[in-house]
Every structure is written in C-alpha cells, then in structure tokens.
Amino acid sequence: MATQARSPRERYREQTRSEIKEVAVRQLAAGGVESVALLRIAKEIGMSGPALYRYYASRDDLLAELVLDAYTDAAEAVHAVDIEGGGRVALHALTRAYRAWAVTNPHLYLLVQGTPVAGFTTPPETVLRARSVLGPFLPVFVEGRPLAGLDPLLAEFQVWLREEPDVTAWVAQWTGRDPADPAAAVALTGAIMAWPQIHGTVGLETAGQFTGMGHNPATLLDVQATILADAFQLR
C-alpha cells in the first residue's frame, strides 16, 4: 500500500523541527547541554519564542529528541561494520567504529553517556535505541567459550535472559538463539562486558582526560578488545 503523501503543513513542520534540532546541536557542540536554550534557538532561526514552543514544549522535550537521534546516529555507525566473520576481528572493528563515532561527535557522545542533566529524564525509547547500538556485539560472542572465571557473571546473565522477555527477544533478534541455549547467555555476557570497557576508554578520551598521558587511546581500546576476546576464546 502506497504511503500517504504529507501535506505542505506537515512538511513545513518537519522541516522546522529539523532546523531547530540543527541549531540545538550546534549549541551543544559549542558549550555543552547548558548552552542549549530555546529562546536563543528561536532568535537564530527568526522565530518568536512562543512560536517555537509549538514545536518543542520545553528544553527537555528537545533534549529528549536529541538523545534519541544521537543513539540512532551511533547505531548507524556500528551497524555499518561487517561482522560476517564474527570473532575477534569483528569485535575490534565494532569497538573502533564506536570510538570513531564518539570522537567525531563528542558533544553527542557526552549528551548520552556523560554526566546526567539535572532534572532531565530520558524517554523510555532510549533503552531500545541503546540496545540497537549494542546489538551487533551479540553475534560476535555467540560462539565464544568463556573462561571459568566468568562463570558467576554468566550465571547472572542466564537468569536475566530467562526472566526478561525484552532481553530474550533482543538477544534472539541478533543471534537467532533460544534463551535456553547456553550460547545465548554467552553472547549476552560478552556484549554487556564490552560496553563498560568501551565507555571507560572512550568516555575519558572524549572528556580530554587522556591528554598528555603518553599513549594513543585507540591502542588502549584495541588491547582491551584483545583481552576480552581472549577471555571468551574467540577465534
């Protein structure tokens, strides 16, 4: 069935919302979250304050959409990676792709992973968008053979996988494995372990904390990926 054409009013509204977000992202890049101001945005695009509030009811309403857009942008960067061969090669490629996105867009990275904005609550859809970013990591670990030291964590994730239908569906979507299949829990454990390792390095780099420390953050991330691959005995 053909998609119904949008009316001129709908197209104008969509274009205006897009323009508002573009200005907000520039403000975000220039001075962080605190610099995002609806009245300043309105002035820049030649709109009155009350008129802009017809598009976004509050700054938090605008920030919520920017958060979702940032996760979508990150997901696109990660999904572009060829993970067909799986294993450690794919793990390295994914971590590099995510880091590349973050250091290219530090303002967006810090919006979604930096210090929480006081009084701001992320929309419920944020969880799904974040899982979309992490999804490609699941099949990388599905054939892994975790070392015995990971057994306590593996056991906890097996319970989570059984008791949370959303998590079950997410893992099945990316791995094709039933939650009763031990490989499903292995994939989940590996992906979740990868997440804080990536952010530990990328978060410090985007915040400028590695300046003058005598190493390349990209090298550090590669070494961390290798250690994780060894822990799961990936090919």
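I will try to describe carefully the structure that is included in this document. (Residues numbered from 1 in each chain as written. Predicted model: local features only at pLDDT ≥ 70, side-chain atom pairs only at ≥ 80, totals over all residues. Heavy atoms only, no water.)

## Here we look at the side chain of E205
In step 1: You can see E205 is positioned in helix α11 (residues 182-206).
In step 2: Residue classification places E205 among the buried positions, given a relative accessible area of 18%.
In step 3: Polar side-chain contacts of E205 include one of 2.8 Å to the side chain of R99.
In step 4: Here E205 is in contact with R99, V103, F210 and P217, once residues within four sequence places are set aside. (Helix = DSSP H or I, 4+ residues; strand = E, 2+ residues; numbered from the N terminus. Buried < 20%, exposed > 50% of the residue type's maximum accessible area, 1.4 Å probe, protein only. Polar contact = N/O pair within 3.5 Å; in protein donor to acceptor, adjacent residues only side chain to side chain. Contact = heavy atoms within 4.5 Å.)

## Topic: the layout of surface pockets
It is a probe the size of a water molecule, rolled over the atoms, that shows where empty space is left.
In step 1: Here the largest pocket is characterised by a volume of approximately 160 Å³.
In step 2: Forming the boundary of the largest pocket are 14 residues, of which L111, V112, P116, F120 and T122 lie nearest the centre.
In step 3: Secondary-structure elements contributing two or more residues to the lining of the largest pocket are α4 (59-79) and α6 (106-113).
In step 4: Ranked by residue count, the leading element in the lining of the largest pocket is α6, at four residues.
In step 5: Per-class residue counts for the lining of the largest pocket are nine nonpolar, five polar and no charged. (1 Å grid on protein atoms, 1.4 Å probe; cavity = no way out; pocket = protein on both sides within 12 Å on 5 of 7 lines; lining within 4 Å. Points joined across faces, edges and corners; volume = space filled by probe spheres on them. Nonpolar A, V, L, I, M, F, W, Y, C, P; charged D, E, K, R; others polar.)

## Considerations on empty space enclosed by the protein
In step 1: Under the counting rule described, the total for this entry stands at one cavity of 30 Å³ or more.
In step 2: A volume near 50 Å³ is recorded for the largest cavity.
In step 3: Lining of the largest cavity is provided by L91, T95, A194, Q197, I198, L221, Q224, A225 and L228.
In step 4: If you list the elements that add at least two residues to the lining of the largest cavity, you get α5 (87-104), α11 and α12 (217-231).
In step 5: A per-element tally of the lining of the largest cavity places α12 first, with four residues.
In step 6: Across the lining of the largest cavity, the residue classes break down as six nonpolar, three polar and no charged.

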